[in-house]
Amino acid sequence: MDPIRAALDAETGQVEPHGEAITRRLSDMKGYYLDSAAEARLVDEANPVLYEVFPLDVPEEEGHVLCGTTVIHPGKVGTEYFMTKGHFHENDRSAEVYHTLRGLGYLLIETGDGRAEHCEMKPGSVCYIPPGWAHRTVNVGQGPLVFFYAMPGDAGHDYGSIELRGGFREVVVEESGLPVVQPSGGRQ
Ligand code: S6P
Ligand code: ZN
């Protein structure tokens, strides 16, 4: 293949040119939020776009580096902030790097055997997600959360293991107007 030259707008998260973009609405995440009544109401009212992914057009093969931007829009479902589905990599030897470009958020990471940690996301912060750690991002700001990601071409996405576990061990909710990271309790 030929080299790729692209332009990344750190304000909007747009990457041009890009490969096939992903758009996830609330209806694509049934059962992911704590407050299922609030979730159902919001799906009926507006079914908002929660996040978009703009990847460079790179083959999903060993030896390549998949990369691009994710843009999480601001908002909440009940008291829980908009977030990504979250996943393990199918290939559990695959790490990933996140570099935040705009906004405020948290990166929740956890292992299959019970370790849970989180990283603050703000412009300039970098988090290295080691192999074997599931990852989910949460936008706690007033505007979009934009970050650049890079991972091995053959990493793959495993969403099923998270769904089977009933979600992540930590959740991010608003309490008295502020974001709080707390144990999800009872969801495992
Ligand atoms: C890919 C990378 C991100 C996420 C994106 C959406 O490995 O971590 O591009 O795919 O933030 O998250 P999810 O969990 O819906 O794929
Ligand atoms: Zn990933």
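Cut-offs applied
Residues numbered from 1 in each chain as written. Chains lettered and ligands numbered in written order. Predicted model: local features only at pLDDT ≥ 70, side-chain atom pairs only at ≥ 80, totals over all residues. Heavy atoms only, no water. Donors = N, O, S within 2.8 Å, 3.2 Å for Na, K, Ca; no water. Pairing = 2+ DSSP bridges. Helix = DSSP H or I, 4+ residues; strand = E, 2+ residues; numbered from the N terminus. Axes fitted to C-alpha atoms, helices over the stretch in contact; angles between N-to-C directions. Near = heavy atom within 4 Å. Polar contact = N/O pair within 3.5 Å; in protein donor to acceptor, adjacent residues only side chain to side chain. Areas by Shrake-Rupley, 256 points an atom, 1.4 Å probe, with all protein chains shown as cover. Nonpolar A, V, L, I, M, F, W, Y, C, P; charged D, E, K, R; others polar. Buried < 20%, exposed > 50% of the residue type's maximum accessible area, 1.4 Å probe, protein only. Contact = heavy atoms within 4.5 Å.

Chemist: So what exactly am I meant to see when it comes to the coordination of the zinc ion (ligand 2) here?
Modeler: Any two of four tetrahedral donors ideally make an angle of 109.5 degrees at the metal, while pairs among six octahedral donors ideally make 90 or 180 degrees. Note on the zinc ion (ligand 2): its protein donors are His87 (NE2), His89 (NE2), Glu96 (OE) and His135 (NE2). The metal-donor distances range over 2.1 to 2.2 Å. The sequence pattern describing where the donors of the zinc ion (ligand 2) fall on their chain is H-x1-H-x6-E-x38-H.

Chemist: Which parts of the structure should I look at to understand the sheet that holds strand β4 (residues 49–55)?
Modeler: Strand pairing in a sheet relies on backbone hydrogen bonds, with the paired strands running either antiparallel or parallel. The antiparallel open sheet is built from six strands, whose spatial order is β3-β4-β5-β13-β8-β11. In this open sheet, the two strands that pair with only one neighbour each are β3 (22–25) and β11 (126–129). The sheet shows a mean angle of 20° between the axes of neighbouring strands, taken without regard to direction. Note that β3 and β4 share four bridges and pair antiparallel. Paired with Thr23 across the strands is Glu52, a residue of β4.

Chemist: Quick question: what am I supposed to make of the site of ligand 1 here?
Modeler: Lining the immediate environment of ligand 1, one finds 17 residues, of which Tyr51, Gly86, Glu96, Tyr98 and Tyr159 sit closest. Here Glu96 contributes a side-chain N or O atom positioned 2.7 Å from an oxygen atom of ligand 1. The separation between an oxygen atom of ligand 1 and a polar side-chain atom of Tyr98 is 2.6 Å. Coverage of ligand 1 by the protein amounts to 97% of the 390 Å² it exposes when considered alone. Among the elements that take part in the shell around ligand 1, strand β13 (residues 145–152) stands out by supplying three residues, more than any other. For the shell around ligand 1, the class distribution of residues is seven nonpolar, seven polar and three charged.

Chemist: It is not clear to me how the environment of Ala38 should be interpreted in this structure. Could you clarify?
Modeler: Relative to the helices and strands, Ala38 is located in helix α1 (residues 36–45). Classification of Ala38 by relative accessible area gives buried; the value is 8%. Sequence-distant contacts of Ala38, defined by excluding residues within four places in its chain, comprise Val77 and Gly78.

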